[in-house]
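This is what each chain is made of:
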Amino acid sequence: MTVHFIGAGPGDPELLTLKAQRLIGTCPVCLYAGSLVPEAVVAGAPEGALVRDTAPMTLEETHALIVGAHGRGQDVARVHSGDPSLYGAIAEQIRLLRRDGIPYDITPGVPAYAAAAAALGQELTVPGVAQSIVLTRVSMQSTSMPERETLEAFAASGATLAIHLGVRALRDIVRRLVPFYGEGCPVVVAVRVGWPDQAILRGTLADVHARVREAKVTRTALILVGPALGEAEGFPDSALYDPARPHVLRPKARAAE
């Protein structure tokens, strides 16, 4: 048997990859993080499959179900939100699987920041404005952040920030980012992106906290910060399609025509 860690994407079942759909549809055991993965994502599990929401379970309880499936020779679909490589809590699960000699693989999913950018209808890396995205979070009730990984350190670069798990700390986030980006810097709070009740809140560092409080958003939100989120005008075209800059797939001779 194999434990298949599967990225379910941000919530929209249509954003599942074909491979993810196939695995969910064939595994006799399906364990999913119900706090962030809607039931519609695992509705394709085969008839008679053991389907369990692991949100209220401990790591040990979840692993016990996997060990039982291993003893029965049954594949397991271990379904996580977004892409499991980012805040998926799979590292500790993999450690237990390796300890017990249980095989596994990983199927990537659409990350929340990509789904949020799609909902916004814009690119997050705008030429001449921002060419880097920092995926990070803040320390609250979850695992503490390493000393060198501070918002201030990332903000000093001027990159677009994608801050996970931080909407309850928004006031503090704003206070720490204003010295680097300025109060007028665009901010987007993408709430339950990919779900039927998705909401996109736009603002600036000056007013985003008030907007979020008014909307009563307290969880399941991604915070995007950076000048690339604004209505950028006058930025240069990407060199990718510049006829003056030939490359291996567009020889110089063609560019000169």
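Scroll up a little and you will see the structure.
The structure reproduced in this document is the subject of the present report. Note that the structure is a prediction, hence the values are computed from the model and not measured.

Secondary structure summary: the protein chain contains 8 helices and 10 strands in total. Here the protein chain holds 257 residues, and 42% of them are scored as buried. Considering only residue pairs separated by 6 or more positions, the protein chain has 67% of its internal contacts joining residues 24 or more positions apart. In the form shown here, the protein chain has an accessible surface area of approximately 13800 Å², with 53% of it arising from carbon and sulfur atoms.

The first and last C-alpha atoms of helix α2 (residues 59-72) sit 20 Å apart over 14 residues, in line with the 20 Å expected at 1.5 Å per residue. Among the residues making up α2, those that are buried are T62, H63, L65, I66 and A69. All buried residues of α2 fall inside an arc of 155° around its axis, so they share one side. Opposite the packed face of α2, turned more than 90 degrees from it, sit the exposed residues E60 and G71. Residues of α2 that are buried sit in contact with β1 (3-7), β2 (29-32), β3 (50-53), β4 (76-80) and α3 (91-99).

Moving on to the sheet that holds β4. Taken together, 5 strands build an open sheet; the order of strands is β3-β2-β4-β1-β5 and the sheet is parallel. What marks the edges here is a single partner per strand, and that holds for β3 and β5 (104-107). On average, each strand axis in the sheet is inclined to that of its neighbour by 15°, with strand direction left out of account. Relative to β4, β2 runs parallel, the two being bridged by 4 bridges. Within β4, the residue paired with C30 across the bridge is A77. In this fold helix α1 (residues 18-26) packs onto β1, β4 and β5, with an angle of close to 135° to the strand it touches most, β1.

Within the largest apolar cluster, 26 residues are counted, with the highest numbers of intra-cluster contacts made by I163, L177 and V225. Looking at this core, the elements with two or more residues in it are α5 (151-155), β7 (160-164), α6 (170-181), β8 (186-191), α7 (208-215) and β10 (221-225). Considering each element in turn, this core owes the most residues, 5 residues, to α6. The residues touching I163, leaving out its near neighbours within four places in the chain, are T136, R137, V138, L151, I173, L177, A221, L222, I223 and V225.

This brings us to the side chain of T160. With respect to the element layout, T160 can be found in strand β7. Judged by its relative accessible area of 0%, T160 is buried. Separated by 3.4 Å, the side chain of T160 and the backbone oxygen of L124 make a polar contact. Not counting the four nearest positions on each side in its chain, T160 is found in contact with L124, A130, S132, I133, V134, V225 and A228.

Let us now look at the environment of F5. Residue position: F5 is located in strand β1. For the pair F5 and I106, spaced 101 residues apart in the sequence, the C-alpha separation amounts to 4.7 Å. Not counting the four nearest positions on each side in its chain, F5 is found in contact with R78, H80, I90, Q93, I94, L97, Y104, D105, I106 and T107.

The next thing to look at is the side chain of R176. Topologically, R176 is positioned in helix α6. You can call R176 buried: its relative accessible area is 18%. Here the side chain of R176 touches E152 through a polar contact of 2.9 Å, side chain to side chain. Those residues in contact with R176 that sit more than four places away from it in its chain are T150, L151 and E152.

Analysis parameters
- Every chain's residues receive numbers from 1 upward, in the order its sequence appears when written.
- Confidence filtering applies because this is a predicted model: local features only for residues at pLDDT of at least 70, side-chain atom pairs given and counted only at 80 or more, and all residues used for totals across whole chains, interfaces and linings.
- Side-chain numbers here rest on the full set of heavy atoms in the structure, without hydrogens or water.
- Numbered from the N terminus, helices here are DSSP runs of H or I no shorter than four residues, and strands are runs of E no shorter than two.
- Partly exposed describes any residue whose relative accessible area lies between the buried limit of under 20% and the exposed limit of over 50%, with all areas from a 1.4 Å probe on protein chains only and scaled to the type maximum.
- Pairs of residues are marked as contacts when any of their non-hydrogen atoms sit within 4.5 Å.
- We get accessible surface area from the Shrake-Rupley algorithm with a probe of 1.4 Å; when it comes to residues, only the shown protein chains can shield them.
- Multiplying 1.5 Å by the residue count of a helix minus one yields the expected span of that helix.
- This arc is taken over the directions from the axis of the helix to the C-beta atoms.
- A pair of strands is labelled paired if DSSP reports no fewer than 2 bridges between them.
- Helix axes are fitted to C-alpha atoms over the stretch in contact, other axes to C-alpha atoms as well, and angles between N-to-C directions run from 0 to 180 degrees.
- Among the buried residues, those of types Ala, Val, Leu, Ile, Met, Phe, Trp, Tyr and Cys that are joined through side-chain atoms within 4.5 Å form a nonpolar core.
- Here a polar contact is recorded for every N or O atom pair within 3.5 Å, except that within protein the pair must consist of a potential hydrogen donor and a potential acceptor, and residues adjacent in sequence are included only if both atoms are side-chain atoms.

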